[in-house]
Amino acid sequence: MGTALVTGSGIRVGRAIALELARMGYAIALHYNRSAAEAEATRQEILELGVACELFPFDLQGEPDAGRLVDQVSDRLPDLKVLVNSASTYDAATIAQTTPELLEKQFKVNFQAPFFLIRRFSERCDRGCVVNIIDNKIAFNQYPFAAYLLAKKSLAELTKLAALEFAPNLRVNGLAPGMVLPIASRSPEFLTWLTEGVPLKRSGNLDDLTHALRFLIENDFVTGQILTLDGGEAIATEGRNAPSFEAQRPSSSPPGSA
Ligand SMILES: NC(=O)c1ccc[n+]([C@@H]2O[C@H](COP(=O)([O-])OP(=O)(O)OC[C@H]3O[C@@H](n4cnc5c(N)ncnc54)[C@H](OP(=O)(O)O)[C@@H]3O)[C@@H](O)[C@H]2O)c1
């Protein structure tokens, strides 16, 4: 089956992805930065599934060329076949609030690291696939998350460019989830309110996400695609049109009724 490198896979979404790939039979290169204890616990779970798993601590913000991580993996585990870019950093800030440091951090972790990882992966892997974990927010212009969104939108564009440049050897796709695992600080009221805006009236879960990931990895005719997985949230913006203009006008009296 070969080896799969999953960035940010000690915890949460990345962890679920690593476990799914282990169930598919891949040896796992488990990358983490700060979550050392959680990464070791995930490694133990993966070993119990009967596949190899090694830990790769690496700071994607501090390192100018994240491609070095691919070299470390290729030197220790055989036959690198899959790269999943899941590691991410999420900061709320409008353009007005964004400092140079914040902009750099957002672009380093969410865009530049995947860029150099994909580039080196293309050199170290003859035939394989990449999945970039993006965000359904790329469909919106939510300026309170300006730097995060710009970096994720850039990652979506990189997905298409890399799919073209590295075909036919590599397939490069993206997954754009809506809410699948909210951060701990979100209140139940907020989550209910958010879900009400989703056409399918529910949030996603890790099974939804790993099913979609499996599809992108197994379907050999799909490349350059971004699969949005969000219960329809990203298609829910109608924009303005003539019927909605009429509907918002004060009810006009039928002609001649005054
Ligand atoms: N959770 C959701 O509902 C949701 C929704 C939409 C999109 N997504 C996307 O799904 C992916 C995972 O989401 P998540 O919620 O699990 O993220 P998360 O809880 O914020 O975890 C972030 C991950 O990125 C790693 N990371 C952050 N900064 C790093 C750095 N400088 N160097 C190396 N690794 C770094 C962390 O590693 P350490 O902990 O080891 O430092 C951690 O594994 C992200 O790409 C996110 O944008 C998630």
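Residues numbered from 1 in each chain as written. Predicted model: local features only at pLDDT ≥ 70, side-chain atom pairs only at ≥ 80, totals over all residues. Heavy atoms only, no water.

A. Structural view of the layout of surface pockets. In this structure, the largest pocket occupies an estimated 1400 Å³ of space. In this structure, the largest pocket is lined by 45 residues; those nearest its centre are Arg12, Ser88, Thr89, Tyr90 and Ile183. Mapped by element, the contributors of at least two residues to the lining of the largest pocket are helix H1 (12-23), strand S2 (27-32), helix H4 (100-124), helix H5 (146-166) and helix H6 (188-196). Of the residues assigned to the lining of the largest pocket, the class counts are 23 nonpolar, 13 polar and nine charged. Computed from the structure, the second largest pocket encloses a volume of approximately 250 Å³. Looking at the lining of the second largest pocket, the elements that each hand over two or more residues are strand S4 (80-85), strand S5 (128-133), strand S6 (170-177) and helix H7 (206-218). (1 Å grid on protein atoms, 1.4 Å probe; cavity = no way out; pocket = protein on both sides within 12 Å on 5 of 7 lines; lining within 4 Å. Points joined across faces, edges and corners; volume = space filled by probe spheres on them. Helix = DSSP H or I, 4+ residues; strand = E, 2+ residues; numbered from the N terminus. Nonpolar A, V, L, I, M, F, W, Y, C, P; charged D, E, K, R; others polar.)

B. Representation of the side chain of Thr195 in the model. Mapped onto the secondary structure, Thr195 falls in helix H6. At 2.8 Å, the side chain of Thr195 forms a polar contact with the backbone oxygen of Leu191. (Polar contact = N/O pair within 3.5 Å; in protein donor to acceptor, adjacent residues only side chain to side chain.)

C. How the structure looks around the pattern of salt bridges. Evaluated as defined, the whole model comprises 18 salt bridges. Taking the shortest distance from any N to any O, the salt bridge between Glu246 and Arg249 comes out at 3.3 Å. On the basis of relative accessibility, which here comes to 47%, the residue Glu246 falls in the partly exposed class. Within this structure, Asp71, Asp75, Arg120, Glu123 and Arg124 form a network of salt bridges that share partners. (Salt bridge = Lys/Arg side-chain N within 4 Å of Asp/Glu carboxyl O. Buried < 20%, exposed > 50% of the residue type's maximum accessible area, 1.4 Å probe, protein only.)

D. Structural context of unusual backbone geometry. The omega angle of the peptide bond from Ala167 to Pro168 is 5 degrees, so this bond is cis rather than trans. Its location among the elements puts Pro168 in the loop between H5 and S6. Even without being a glycine, Arg12 presents a positive backbone phi close to 50 degrees. With a relative accessible area of 37%, Arg12 lands in the partly exposed category. With a phi angle near 60 degrees, Asp79 is a residue other than glycine that sits in the positive phi range. Mapped onto the elements, Asp79 comes out in the loop between helix H3 (67-76) and S4.

E. Main features of the side chain of Ser9. Tracing the backbone shows Ser9 in the loop between strand S1 (3-6) and H1. Assessed through its relative accessible area of 0%, Ser9 is described here as buried. In terms of polar contacts, Ser9 uses its side chain to reach the backbone carbonyl oxygen of Val6, at 2.9 Å. Apart from the residues lying within four places of it in its own chain, the contact partners of Ser9 are Gly14, Arg15, Ala18, Ala29, Leu30, His31 and Thr42. (Contact = heavy atoms within 4.5 Å.)

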